[in-house]
Each structure stands twice: as structure tokens, then as C-alpha cells.
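Understanding the architecture of this molecule
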Amino acid sequence: MKIAILGLGGIARKYYLPVLAAEPDLRLLIHSRTAESTEQAKAAFRIAETARSVDEIIEWQPDAAFVLTTSATHYELVKTLLNAGVDVFVEKPATLTVPQTRELAELADAAKRILMVGFNRRYAPLHRRAREYWGSRKVEQAVFTKLRVSPFHDDVRAHLYDDTIHLVDALRYYCGEGRVVHSELRTDGQFTGATALIALESGGIAQVITTMRAGQWREHYLLAGDGLTLEVDAFQRLTISQGDEQRAWQEDYASGRDTASGRGFRPEIEHFLECVRTRSQPMTTARDSIKTQEMVEAIIACA
């Protein structure tokens, strides 16, 4: 299978390239805005083929492409690839607006192409175990929290689409759909935090809380209902509490083994490649990601 990789930044070098370059049945071509990045990746991962432009990628006729570039470039790149008959995996967010993502989803459907959006939390083994354990229980209360140690975005929308979107998508993954009823966005020259309250369609209530001035990085999910409390320390620990009984699972990647699997990148890559081979739809389609983006937009609008 011929796979094109567009974008060779930190996430590509840390997670995507190591996994893809190790697959013996894949023929890879890489592309970056700078020749230096391309040459570094070519040497580090022993990739023979490179492209200087998107036109060269199309001429190479890949079976599928990974779009790992900056978010602002996703729309045009994905559109070009879909129109050329290429299946596409694009890192979240699919685009920076709901109408653009909807257009790409409709284009993929019309062209009978696969368009998958990379929300790695849904594929992390510990997170999937937690979702399976919760099953069909009703969520009465849920809190999705993200802590970081310092601000890194000047623009509120940029931060929500770059970082907080993970919490929003995790909320949908565990709790289903909901309606934003209140939100507060905090800035001090830079984005410093957000709080949103979501009324779940199932009848419960959920919160999204993020702050940029905490003592350490942490991502934590709490679900309560039907006499059960479930807590996830992202990628590391799952705890189930029910009466006097408590059970816990520790993800062994946290000690340094196979971070790409523990954080969900290897499973989502394998899932996409299997969908390409079998012509089946992925779990995180562009059409599904529209709902996540709509919730992000509602958080912005309610503030």
C-alpha cells in the first residue's frame, strides 16, 4: 500500500512516522514545507521517497494519505486529496470551521472515500476499557478536566480547537450528545482557562474544565451514575468505585513501554489502514467530528 505523509512536525516524528515506517507492507512518501524537515525525517526513518509539492504527491498516486500539517492547512489539502481519489486520515481538528468540515464529509461520501479524523483518546487502550466497562449506564454527573502549567495560545478559538477539543470529544465518547447551557472563557493576554456546562441528552449533566496555570499536566475524566463512579487519569490509570469495592487498572506504557500504543496513536493508525483495506468506515469519521466541533462552537457562543 502506498501512503503519503504530509507534515513532519513533532507529533509526526514522535508517533506517526515510527509506527508507519515499521510496517513492512507500506511504501511511504513524505512531504513537508521545508526541505530540511524532509531530509531529517528521510534519514531518521529510512524513507526513500519524498515530494516537493502536493501535485507531486498526487502524481505518485497514493492509496491513502496522513495529513499532519497545521490545522489551518487541513481544508485545502484534504479537499485536494479527496478529489484525487485518495483516502485521508487528518489530525484533529478536521478543519477550523463546521461548514468546511461538513463540506469535506460530503465530498468523501460522494467520492466513496474514507475520511478519518484523529482523536487519539478514543483509541487509547485504557480509555476503551473504561468506555466498555461503563457500557449503557446512565451518566448522572461527569467532569472532564485538563490541566496545563502555562498558557501557549493568544487566541481563545485557537486553543479550544487545538487542545480543549480533546475534552469535548472525550465527553461525547463517554456520555453521548448534549447541549451547552453555560460557558466561561478566561484570558489574561493569553488563554488561561475555560469552564462549560453541558446538559446531556440522557438527562445527566457534564462539565468541561481546563486551566493553563496548574502545578502539573493532568487530564482526568470522572463519570458517576447507577451506583458507580469511574475515573480515568488519561492514558495511565482507570479506577472503578462501587460501594466498599474499588478496582484499578494501570496502563503499563506509563513506565516507558510503547507510548504510541498507550496514547492511542498506534491503534488509530492501524484502524485507519484496516478501513482502507476493507473499505469500511472508521469510528472517528469527519461526519461524527462535526458534532464535536459544533459543541466547541457552542462553548464559544455561550461565553
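Quick notes on the rules
- Counting starts from 1 at the beginning of each chain's written sequence and moves along it residue by residue.
- Where local features are concerned, this predicted model is filtered to residues with pLDDT of at least 70; where side-chain atom pairs are given and counted, the filter is 80 or more; whole-chain, interface and lining totals use all residues.
- To get the side-chain values, take all heavy atoms of the structure and skip hydrogens and water.
- Ring pairs are drawn from Phe, Tyr and Trp, using the six-membered ring of Trp, whenever the two centres fall within 6.5 Å, and their geometry is named by plane angle: stacked under 30 degrees, edge-to-face over 60, tilted for the rest.
- Burial here depends on accessible area, computed with a 1.4 Å probe over protein chains only, as a share of the maximum for the residue type. Under 20% is buried, over 50% is exposed, and the range in between is partly exposed.
- Here, a charge over a ring means that NZ of Lys or CZ of Arg falls within 6 Å of the ring centre while also lying within 35 degrees of the ring normal.
- Here, nonpolar core refers to any group of buried Ala, Val, Leu, Ile, Met, Phe, Trp, Tyr and Cys residues whose side-chain atoms link them within 4.5 Å.
- Here a helix means four or more residues in a row that DSSP labels H or I, a strand means two or more in a row labelled E, and each is numbered from the N terminus.
- Residue contacts are defined here by distance: any two heavy atoms, one from each residue, within 4.5 Å place the two residues in contact.
- Residues are called lining when one of their atoms sits within 4 Å of a cavity or pocket point, these points coming from a 1 Å grid over the protein atoms alone, where a cavity is a set in which a 1.4 Å probe fits but cannot get out and a pocket is an open set with protein on both sides within 12 Å along at least five of seven lines.
- Grid points are joined across faces, edges and corners, and a volume is the space filled by probe spheres set on the points.
- Under the scheme applied, nonpolar residues are Ala, Val, Leu, Ile, Met, Phe, Trp, Tyr, Cys and Pro; charged residues are Asp, Glu, Lys and Arg; polar residues are all the others, including Gly.
- Here a salt bridge means any side-chain nitrogen of Lys or Arg lying within 4 Å of a carboxyl oxygen belonging to Asp or Glu.
- Think of it this way: DSSP has to see at least two bridges between two strands before they count as a pair.

A look at the packing of aromatic side chains
Per the stated rule, a full pass over the model turns up twelve aromatic pairs. Ring centres of tyrosine 173 and tyrosine 174 lie 5.2 Å apart, and the angle between their planes is 70 degrees; on these two criteria the pair is classed as edge-to-face. Both residues of the pair, tyrosine 173 and tyrosine 174, belong to the buried class. Sitting over the ring of tryptophan 60, lysine 2 keeps its end group 4.7 Å from the ring centre.

Focus: the nonpolar core
Nonpolar side chains in soluble globular proteins generally cluster together in the buried interior. Counting 63 residues, the largest nonpolar core has Leu115, Phe144, Leu171, Tyr174, Cys175, Ile198 and Leu223 as its most contacted members. With eleven residues, helix 7 (residues 156-175) is the largest single contributor of residues to this core. The residues contacting leucine 171, other than those within four sequence positions of it, are Phe144, Gly176, Ile198, Leu200, Ala206, Val208 and Met295. In terms of nonpolar packing, the next biggest core, distinct from the first, is built from 29 residues, Ala12, Val19, Ile47 and Phe66 among them.

Focus on the layout of surface pockets
If you add up the space inside the largest pocket, you get close to 750 Å³. Taken together, 33 residues form the lining of the largest pocket, with Ile11, Leu68, Thr69, Glu91 and Asp162 sitting closest to its centre. For the lining of the largest pocket, the per-class residue count stands at eleven nonpolar, twelve polar and ten charged.

Quick look at the pattern of salt bridges
Side-chain pairing between opposite charges can occur once the charged atoms of the two side chains come close. A full pass over the atoms with the stated rule returns 22 salt bridges. Between arginine 172 and aspartate 169 there is a salt bridge, and its shortest N-O distance comes to 3.7 Å. With arginine 172 and aspartate 169 both in helix 7, this residue pair falls three residues apart, about one helical turn. Comparing arginine 172 with aspartate 169, the two get one shared label, buried.

Remarks on the pairing of strand 13 (residues 237-242)
Inspection of the sheet shows strand 12 (residues 228-233) paired to strand 13 by five bridges, in the antiparallel sense. Its bridge partner lying in strand 13, leucine 230 is registered against isoleucine 240. Taking the residues that link successive antiparallel strands as the turn, the strand 12-strand 13 hairpin has three residues, and the phi of phenylalanine 235 there is positive, at about 70 degrees. Of the strand pairs in this sheet, strand 13 and strand 14 (residues 245-250) are connected by six bridges, and their pairing is antiparallel. Residue pairing across strands places serine 241 opposite glutamine 246, the latter belonging to strand 14. Hairpin geometry of strand 13 and strand 14 is characterised by an intervening segment of two residues between the two adjacent antiparallel strands and by a positive phi of about 65 degrees at glycine 243.

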